[in-house]
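# Summary of structural features
One-letter residues, chain by chain:
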Amino acid sequence: MTATSPLPAADEIERKPGSNPCDTPDGPTAGNTGNTGDTGSDFGHKAGSTTGGKGGGAPRRGHRADFHADLSASLTVFLIALPLSLGIALATGAPLQAGLVAAAVGGIVAGRLGGTPLLVSGPATGLTVVTAELIQRYGWRTTCAITVVAGCCQLGLAALRTARSALMVSPAIVHGMLAGVGVTIALAQLHIVLGGTPQSSAVANVKGLPGQLAHLHPAALGVSAVTLVVLLGWPRLPGRVGLALRKVPAALAAVATATAFAALAGLSLPRVDLPSWRSHALPELPAGPVLGIVAAVLTVTLVGSVESLLSAVATDKLIASQRRTGNRPPRADLDRELRGQGAANILSGALGGLPIAGGAVRSVANVKSGAATRRSVMLHGLWVLLAAALLVPVLDLIPLAALAALVMALGVQMVNATHLRTVSRHREILVYATTIAAVVLGGVLAGVTIGIAVAVAMALHRLARTRITVEVEGGVHRVWARGQLTFLAVPRLSRVLNQIPPGGRVVVELDGSFMDHAAYETLQDWQDFHLVHGGSLEVTGRSTTRMAGANRPEHADHPERTPEHAERSPRGGHHCCRPWTPWKNHCDHRPEDERTIPGAAAAPDAAEAVEAAKTPAPRRRGAGQLASGISAFQRDTAPHVRDELARLAREGQRPSQLFLTCADSRLVTSMITASGPGDLFTVRNVGNLVPLPGAEATDDSVAAAIEYAVDVLQVDSITVCGHSGCGAMQALLNSTPGTPMTPLRRWLRHGLPSLERMSSRHHAWARIAGRLPADAVEQLCLTNVVQQLEHLRAHESVARRLAEGTLELHGMYFHVGEAQAYLLSEGEDFFDCRVFDSVGQHV
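In this report, we go over the structure that sits alongside the text. (Residues numbered from 1 in each chain as written. Predicted model: local features only at pLDDT ≥ 70, side-chain atom pairs only at ≥ 80, totals over all residues. Heavy atoms only, no water.)

### Here we look at the overall build of the protein
A count of helices and strands for the protein gives 31 helices and 14 strands. Here the protein holds 843 residues, and 50% of them are scored as buried. Long-range contacts, defined as pairs at least 24 residues apart, comprise 76% of the intrachain contacts of the protein with a sequence gap of at least 6. Counting every atom, the protein has about 37,900 Å² of accessible surface; 61% of that belongs to carbon and sulfur. (Helix = DSSP H or I, 4+ residues; strand = E, 2+ residues; numbered from the N terminus. Buried < 20%, exposed > 50% of the residue type's maximum accessible area, 1.4 Å probe, protein only. Contact = heavy atoms within 4.5 Å. Areas by Shrake-Rupley, 256 points an atom, 1.4 Å probe, with all protein chains shown as cover.)

### Describing the pattern of salt bridges
Overall, the coordinates contain ten salt bridges when judged by the stated rule. A salt bridge links D335 to R161; its shortest N-O distance comes to 3.7 Å. Of the two residues, D335 sits in helix α11 (residues 334–350) while R161 sits in the loop between α4 (140–159) and α5 (171–193), which places them 174 residues apart along the sequence. Overall, D335 belongs to the buried group, its relative accessible area being 10%. A single salt-bridge network, built from bridges that share partners, covers E644, R647 and E651. (Salt bridge = Lys/Arg side-chain N within 4 Å of Asp/Glu carboxyl O.)

### Observations concerning helix α17 (residues 429–442)
Turn by turn, an α-helix covers 3.6 residues, leaving residues three or four places apart pointing in a common direction. When the terminal C-alpha atoms of α17 are compared, their 19 Å separation across 14 residues agrees well with the 20 Å that a helix rising 1.5 Å per residue should span. Every buried residue belonging to α17 is among V431, Y432, T435, I436, A438, V439 and V440, and all of these are buried. (Expected span 1.5 Å × (residues − 1).)

### Regarding unusual backbone geometry
Even without being a glycine, R161 presents a positive backbone phi close to 55°. Unlike most non-glycine residues, A674 shows phi in positive territory, near 50°. Its location among the elements puts A674 in the loop between α25 (669–672) and β9 (680–685). We classify A674 as exposed; its relative accessible area is 71%.

### Brief notes about the packing of aromatic side chains
If you walk through the whole model with that rule in mind, you get two aromatic pairs. Aromatic side chains F681 and Y708 sit 5.8 Å apart centroid to centroid with 40° between the ring planes, which places their arrangement in the tilted category. Linking F681 in strand β9 with Y708 in helix α26 (residues 700–712), this pair joins segments that are 27 residues apart in sequence. Of the residues examined, F681 reaches a relative accessible area of 2% and is grouped as buried. Taking the centre distance of 6.2 Å and the plane angle of 45° together, the rings of Y813 and Y822 count as tilted. Residue classification places Y813 among the buried positions, given a relative accessible area of 0%. (Phe/Tyr/Trp six-rings, centres within 6.5 Å; stacked < 30°, edge-to-face > 60°.)

### Quick look at a nonpolar patch on the surface
On the surface, I108, L382, L385, L386, L390, L391 and V394 cluster together into a nonpolar patch covering about 580 Å² of accessible area. Ranked by residue count, the leading element in the nonpolar patch is helix α13 (residues 375–390), at four residues. Position of I108 among the secondary structure elements: in helix α2 (residues 96–113). With relative accessibility at 31%, the residue I108 sits in the partly exposed group. (Patch = residues over 30% accessible without salt bridge, like charges linked within 9 Å, V, L, I, M, F, W, Y side chains within 5 Å.)

### Some points on the nonpolar core
Membership of the largest hydrophobic core comes to 51 residues, with the highest contact counts inside it found for L96, L100 and L354. Dropping the residues within four chain positions of it, L354 is found in contact with I88, A89, T92, A94, A98, G99, A102, P123, T131, W140, T147 and S348. Grouped together as the second largest cluster of nonpolar side chains are 46 residues, A728, V785, V786 and L792 included. (Core = buried A, V, L, I, M, F, W, Y, C linked by side-chain atoms within 4.5 Å.)

### Things to note about the side chain of H380
Here H380 shows up in helix α13. Those residues in contact with H380, other than ones at most four positions away along the chain, are S74, V77, F78, A81, A103, G107, V120 and S121.

### Quick look at the pairing of strand β5 (residues 476–483)
Taken across its eight residues, β5 has six buried, putting it largely inside the fold. As paired elements, strand β4 (residues 466–473) and β5 share eight bridges and run antiparallel to each other. Bridge pairing links I468 to A481 in β5. Hairpin connection, β4 to β5: the antiparallel pair is bridged by two residues, and G474 has positive phi, about 60°. Crossover connection from β5 via helix α19 (residues 490–498) to parallel strand β6 (residues 505–511): handedness right-handed. (Pairing = 2+ DSSP bridges. Right-handed = clockwise from strand over helix to strand, strands pointing away.)

### A few points about a positive patch on the surface
On the surface, R427, R465, R467 and R482 cluster together to form a positively charged patch. Its location among the elements puts R467 in strand β4. (Lys, Arg positive; Asp, Glu negative; His and termini not counted. Charge placed at Lys NZ, Arg CZ, Asp CG, Glu CD.)

### Some points on the packing of helix α1 (residues 63–92) against helix α12 (residues 360–368)
Two elements in contact, α1 and α12, have axes whose closest approach is 8 Å; the angle formed by their N-to-C orientations is 160°. As the angle between them shows, α1 and α12 are arranged roughly antiparallel. For α1 against α12, the interelement crossing comes out right-handed. Where α1 abuts α12, its residues A73, V77, I80, A81 and L84 lie against V361, R362, A365 and N366. Of the residues that constitute the contact of α1 with α12, the class distribution is seven nonpolar, one polar and one charged. (Axes fitted to C-alpha atoms, helices over the stretch in contact; angles between N-to-C directions. Parallel < 35°, antiparallel > 145°, perpendicular 65-115°, else oblique. Left-handed = near helix turned anticlockwise from the far one by under 90°. Nonpolar A, V, L, I, M, F, W, Y, C, P; charged D, E, K, R; others polar.)

### Quick notes on the state of the cysteines
Summed over the entire model, instances satisfying the criterion amount to zero disulfides. Free of any disulfide, C721 has its nearest neighbouring cysteine sulfur in C662, separated by 9.1 Å. Since its relative accessible area comes to 0%, C721 is described here as buried. Just so you know, C781 is unpaired, no disulfide at all, and the nearest cysteine sulfur is the one on C726, 5.0 Å from it. (Disulfide = S-S within 2.5 Å.)

Structure below.
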């Protein structure tokens, strides 16, 4: 049963070449969305900037407006970076000035020379554990020298243009490494929070916790508690006063409140002690085992590079999720970014600073604060430099327990729940967990090495593992081959196939994306033997292109027709989509020997008949095409589905899901969901919109379909599915006030909340995992799915079933040009975005 709203008139949606994705192929991919210039305005008013224009463009701000935006953002980032730099230095055991040196050099040098304009670099969070180990083993001055050499290595890697290679590491390993570092940091700082001293390793810190809990330091614990309460509660302050206060970074507010609390209460506890810069330690020549020094240099180089490059990519994604295409800064140049990081590490190490890497926390603050150019990053470094010179008396008032609590919270946040769900969904939880455990127990280098080994072993296991089963249903032998068919699976495949009696009816389903020559030859030989002995065979699945000939009944009567011949046959290809193949490009679906103009067969002269046969037959359009398609259905498809439809006619429909999607003709719901008759209760309209109950000019047909599906059919879930290149979303972006109302424009008013959501600073953005949105239209298509799910919750029947826990809501996005589906994940990611994850072979 399908409820469908009327389609728009052809002239209702603007049809400028290249401006309407419905009229042209889908927009550029993430790799083609680079922009010129080094300025940009904050997309969607997220940082208080304004946007304008139509579609994906917006007028650029002037240099003065850019400078004011950069100045404001730099102050915000500075207020976050200052306590964070001191906290990271404290966590590593380095002199506290080293954190300020790294923050200043990272801002000024990496900000000027790096390839990601809005990426903020500073003391490397991911290298905290590594740096602490190096200081304990070699001393601080040798660690500075190691930082200098690591910076030189980064320059060499950049010269070799290997930056992209760093992204080859499995995300499960990277997330596991960061989570392991976070656990180690949290365990160490917990001792300072409790008033004690951290041990040399995570295991020692765990063993020492019982003794530390038995000898609590009330003053340190009280200051730490105040810090954590303010840090966690600050972003949730309600009302207008809370909105004004939230402009101050939570980290600064937490440390400042804890400092004031300690001063007013007169608490006696360790505080920041910044000695004179005259006694600041500078690097010395490395002293120690050569292999140990080399391993240390490689660890700092690789971990710092990977952290910086991943942060650069993440910053690109964040910018794309909130800014219009015309106002984005240039895409990240990863090789240039690596050069900038190398130069910054050389200078930081030479000046006695910590290792430097691009940081996500500071970069997120920079982007969300409306920064337009790299000036904001450089100014933040300048403010840190001035603070290190002029604010030493103020910084000396900060309790170390407050900084420890701040860094401990940062370490806990590095164990990201979104990352955990993502790796679980992709069946990489073993790699993730192993990397965490190895980092905590053996250090970063050992942890990453073990994680890579486990990932490689799992990949080989998945490649080699193939499940082959056979079942008999109604006299039909069904053979399932799940996994990749390689020579390793040939013995099992041959054994299963030989169990099937000759002359039987067989269906072979190949659920894998790869089949090597050995497996193909085994299947081909058995197929020829089975067909010669009067059997019938149907091969389905994604690895069946070369086996297409087995799917045709006439192949059994003509064994001399090989699979290669079948591939060339018009009816041999596209087996999985055969029902709609005749409509492809609106072409005539009839066999080539029937595609002649009327009268060709009756031509009196053979030469005339041949000439007439060469003349292409006119295309069938309208009723003729419809009748021809129905005829093809009755001939090819109806025999296969008649039994199932007869059962549904007797028992009635029992769909499991309400599927609400756009009326766009390119969306074939049964194809992209692999569903059949009776599975989906489908509602289609222009823009996959769900009018709010009681909204002006509401459409009761959608509400009626929702009520019927939820209350009568008792569906288990509702899915709202958007798609790329949606003309309705393009029309929303191009709409101008005062335009006369038409039926289409009145209907599209139900999409205005999606447009407002995309422009609001109070809602999470929506983005696609792993790549940037192509343009503002795609951004609105994604946001619209999230907004329509909110509209669904406003319907009484949906709200009731949700409260009972008997109904689920899902968001889906289908990229037409890529034939790729994405499902909306639960919750928000590190950048406060709603993420659509791609759906592959395994969900």
